[in-house]
Amino acid sequence: MFARTTRATPALLLLSLLACGADEGSGPDPDPDPDPVPPVATSLEIAPDTATLTAIGDTVRLEAEVRDQDGEVMTDAAVTWSSLDAGVATVSGTGLATAAAEGAARIVAAAGETADTAVLTVEQMPAALEVSPDSATLVPGDTLRLTAAVTDSNGVAVEGAAVTWSSADEAVVVVDSAGRVDALSEGVARVTAKAGPAADTATITVGPEPEPEPSTIEVSPGTVTFSAVGDSVQLSAVVRDANGHEVEGAEAEWSSADAVVATVSEGGWVVARGNGTTVIEARSGELADTAVAVVAQVAAELGVSPAEATLAQGDTVRLTAAATDSNGVAIESAAVTWSSADEAVATVDGTGLVTAVRGGETQLTASAGAASGAATIAVLDRLLFQSDRDGNSEIYVMNADGSGQVNVSRDPAPDEDPVWSPDGSRIAFVSRRDGNSEIYVVNADGSGLANLSNSEAFDGNPAWSPDGTKIAFESTRGGGNVEIYVMSADGTNPVNLTRSGGVNDHSPAWSPDGTKIAFSSHPNGNYDIFVMNAADGSDKTNLTNDAGGNYEPIWSPDGTKILFVSQRDGNDEIYVVNADGTGRANLTQDPGFDGEAAWSPDGLRLAFTSLRDGTARIYLLLAADGSGLTRLTQDLSGSSRPAWSPDGMRIAFQTGRDGDPEVYVMNVDGSGLINLTNRAGFDGSPAWQPRP
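Residues numbered from 1 in each chain as written. Predicted model: local features only at pLDDT ≥ 70, side-chain atom pairs only at ≥ 80, totals over all residues. Heavy atoms only, no water.

Our next topic: the overall build of the chain. Secondary structure summary: the chain contains one helix and 64 strands in total. By the compact-globule yardstick of 26 Å for 692 residues, the chain is too spread out, its C-alpha radius of gyration being 61 Å. A total of 692 residues make up the chain; the buried ones form 45% of that total. A sequence separation of at least 24 residues applies to 42% of the contacts in the chain between residues at least 6 apart. (Helix = DSSP H or I, 4+ residues; strand = E, 2+ residues; numbered from the N terminus. Rg over C-alpha atoms; globule rule 2.2 N^0.38 Å. Buried < 20%, exposed > 50% of the residue type's maximum accessible area, 1.4 Å probe, protein only. Contact = heavy atoms within 4.5 Å.)

Structure below.
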């Protein structure tokens, strides 16, 4: 509270002065009637100075006593009232304080320059409590949340009032501190809530379980999907009453809208029968619910038929794919896609029709979803050969099993020296049909015959460039001697590369990269192996430079070496030399004839003809050093002209073992001999069609 103040009055001052001067004699007379001093509010006191209210809205009257400087009560003093905490309590101009919220409020009274403060505390006290609901009927196992509304004496809610709960019979119900009631057994119990002096009760009756009345039925799961015919799944149908409790013993009858798609048995077992969608219904009395059953077979296995086939080039075969699901049930009209591992060998369309393109082997794959199956397609390689079965030398083509023999040159004049184009689509050969030796080209099926050289001079021994755009050949068109020319594959732009002037040049052979041409020439009187640039004949280099004859150069598949036949030892031997002329080596070293050598496709071995046993036979040796000599043919009638298959697994050759020359094929170990031509007359000089 503020300190109260007291002032001395004029009367007291006068008496003091008189007392002090009484012994000094008399002086002049004082002012007999001084002006009176007006009262001034000097002190103020509030009563009561503290008060406590227990309900919002309760009031208390505060009184303010004001005294003047003489200590006299000023009944008519003007007093102003105010609350420093109006959120807790307010005060009127007459000092009536009203509780607004719990807390403490400072009430100030002021008169003039003096004031006082009272402290008003608002502390709600529970005066009433109401439990809701005040009664309930439960069954054992049920729960119920009770609430307690606590108010003060003015009916204002007491926020955060501490409420305690209790059950009069905990064998019937129990209640926790939050008012949750759990029904335990049949009976009646009162649940009481207390907050201070206030209390209320709810009557809880726990009765027997009522006979459930079905209200809903629910089928679960709502959708089932099958990926195989014969798969099954059990659906459940739960019947519940209005309170959501499951109705024990309620039975459901099951049915399928389309038994072709799926059937359903007692107990809700659904079995997939065929692709499609159907509705499965569960019914209990008037209640019904449904689930959707979807059957969409997924291919688990895919069988391709036939699993393997051998075709001649251009032949077709229809593959079929049988898709089955995980239960082995066929999937009708399964979406199948087809692909070929090597379309250069065989192609396949969207319906499984396979077309053989070129010799080799590939896999054709059928796919349906994650399932796949494959068939192995072997396309027969083709060989060309010379034959006089028609009375003169002709060029023939046949499949590697001897089938499909076709005369592709078809002319009374001799046709000889055939060579495949690198892509295997065309054949260049030498023909005298125009009265002199010319170079012709024809498609592998005999169509598109064309004279490429078309000169009056000799033209022969054609050799294709590795890219198939040019042909090197021998010709006398330059002045009587044989020289090496190159022309475009259509016969245009013939160019003399050797220009040797009176010297004969033979056996042009392209390097695998197409930049060089090896040939044999005799500028020094005997034949040597030369190499020159294929573009213009420049940079001619003598690789052998030997007194003996050297002929028939053949490049190794990797282009690092050149094979040739040499007579430097007095007889025909097979030599090999590096492309730069170094590392020359005799691989055969036998007094008998050794020649007609051919590199294996991998460049590791050589097949060749030898007379070392008195009869022409086919031998095999290692190209690196001539070791590993193996005789492949055993007949006494003579075998020659070996030619490797593109895969290096077989060798074709000509032999007279059947009385006249025929084209045979054998495995690289000499086994598996097969007569491919088997016709009267000469058949020989086989050459395999290159694979793409």
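This part covers the side chain of Ser520. Examined against the element boundaries, Ser520 turns out to sit in strand β49 (residues 516–521). Residue Ser520 is classed as buried on the basis of its relative accessible area, which comes to 2%. Beyond its immediate stretch of four places on either side in the chain, Ser520 contacts Asn504, Asp505, His506, Ser507, Tyr527, Asp528, Ile529, Asn550, Tyr551 and Pro553.

Our focus in this paragraph is the packing of aromatic side chains. What characterises a pair of aromatic rings is the spacing of the ring centres plus the angle enclosed by the ring planes. A complete count under the given rule lists eight aromatic pairs for this structure. Between the aromatic rings of Tyr527 and Tyr551, the centroid separation amounts to 5.5 Å while the plane-to-plane angle is 40°, which identifies the pairing as tilted. Here Tyr527, found in the loop between β49 and β50 (528–533), pairs with Tyr551, found in strand β52 (residues 550–555); they are 24 residues apart in sequence, far enough to count as distant. Residue class for Tyr551 comes out partly exposed when judged on its relative accessible area of 27%. A cation over an aromatic ring shows up here: Arg657 above the ring of Tyr664, its NZ or CZ 5.2 Å from the ring centre. (Phe/Tyr/Trp six-rings, centres within 6.5 Å; stacked < 30°, edge-to-face > 60°. Lys NZ or Arg CZ within 6 Å of the ring centre and 35° of its normal.)

Turning next to the sheet that holds strand β46 (residues 483–488). Taken in spatial order, the four strands line up as β44-β45-β46-β47 in an open sheet, and their pairing is antiparallel. Of all strands in the sheet, those with a lone pairing partner are β44 (459–464) and β47 (495–496), marking the two edges. In terms of strand pairing, β46 meets β47 through two bridges, oriented antiparallel. If you follow Val486 over to β47, its bridge partner there is Val495. (Pairing = 2+ DSSP bridges.)

This part covers the confidence of the model for the chain. For the chain, the average pLDDT comes to 92, and 95% of its residues sit at 70 or higher. Of the regions scoring below 50 in pLDDT, residues 1–28 engages in 19 contacts with residues more than four places distant in sequence or in other chains. (pLDDT = per-residue confidence, 0-100.)

Here we take up the environment of Ala472. Mapped onto the elements, Ala472 comes out in strand β45 (residues 470–475). The buried category is assigned to Ala472, whose relative accessible area is 0%. Distance from Ala472 to Ser488, taken between C-alpha atoms, is 8.8 Å for residues 16 residues apart in sequence. The contacts of Ala472, once residues within four sequence positions are left out, are Asn461, Pro462, Ala463, Tyr485, Val486, Pro508, Trp510 and Ile517.

One pass over the structure, following the stated rule, counts 18 salt bridges. For Arg240, the salt bridge goes to Glu218, with nearest N and O atoms at 3.5 Å. Note that Arg240 is positioned in strand β22 (residues 236–241) and Glu218 in strand β19 (residues 214–220), a separation of 22 residues in sequence. Of the charged contacts in the structure, one is a salt bridge between Arg631 and Asp613, with a shortest N-O distance of 3.0 Å. One end of the pair, Arg631, is in strand β59 (residues 630–631); the other, Asp613, is in the loop between β57 (605–610) and β58 (617–622), with 18 residues separating them in the sequence. Judged by its relative accessible area of 32%, Arg631 is partly exposed. Of the residues examined, Asp613 reaches a relative accessible area of 39% and is grouped as partly exposed. One continuous salt-bridge network, built from bridges that share partners, spans Asp381, Asp647 and Arg691. (Salt bridge = Lys/Arg side-chain N within 4 Å of Asp/Glu carboxyl O.)

This part takes up the sheet that holds strand β12 (residues 143–145). Taken in spatial order, the three strands of this open sheet run β12-β16-β15, and their pairing is antiparallel. With partners counted over all chains shown, the strands left at the sheet margins are β12 and β15 (173–175), one partner each. Recorded for the sheet is a direction-independent mean angle of 20° between the axes of neighbouring strands. (Axes fitted to C-alpha atoms, helices over the stretch in contact; angles between N-to-C directions.)

For the rest of this paragraph, the subject is the side chain of Thr588. Following the sequence through the fold, Thr588 ends up in the loop between β55 (585–586) and β56 (594–599). At a separation of 2.4 Å, a polar atom in the side chain of Thr588 contacts the side chain of Glu573. Each residue touching Thr588, except ones within four places of it in the same chain, is listed here: Glu573, Ile574, Asp594, Phe608, Arg612 and Leu621. (Polar contact = N/O pair within 3.5 Å; in protein donor to acceptor, adjacent residues only side chain to side chain.)

Let us look at unusual backbone geometry. A cis amide bond links Ala47 to the next residue, Pro48, at an omega of -10°. Note on placement: Pro48 falls in the loop between β1 (43–47) and β2 (50–53). The peptide bond linking Ser220 to Pro221 adopts the cis configuration, its omega dihedral lying at -5°. Turning to its location among the elements, Pro221 is positioned in the loop between β19 and β20 (223–226). Positive phi, close to 50°, is recorded for Arg410, a residue that is not glycine.

This next bit is on the environment of Thr544. By secondary structure assignment, the location of Thr544 is in the loop between β51 (541–542) and β52. Owing to a relative accessible area of 3%, Thr544 belongs among the buried residues under this scheme. Thr544 sits 439 residues away from Ala105 along the chain, and the two C-alpha atoms are 127 Å apart. In this view, Thr544 contacts Asp528, Ile529, Asn550, Phe564, Arg568 and Arg584; residues no more than four positions away in its chain are not counted.

Next up on the list: the environment of Glu573. Following the sequence through the fold, Glu573 ends up in strand β54 (residues 573–578). Judged by its relative accessible area of 3%, Glu573 falls in the buried class. When the C-alpha atoms of Glu573 and Asp176 are compared, they prove to be 113 Å apart, with 397 residues separating the residues in sequence. Only 2.8 Å separates the side chain of Glu573 from the backbone nitrogen of Asp590, close enough to count as a polar contact.

To continue, consider the pairing of strand β9 (residues 114–122). Most of β9 sits out of view: seven of its nine residues are buried. Strand direction decides the pairing type here: β2 and β9, joined by four bridges, are parallel. Bridge assignment links Ala51 to a residue of β9, and that residue is Leu120. Bridge count for strand β8 (residues 103–111) against β9 is nine bridges, and the pairing is antiparallel.

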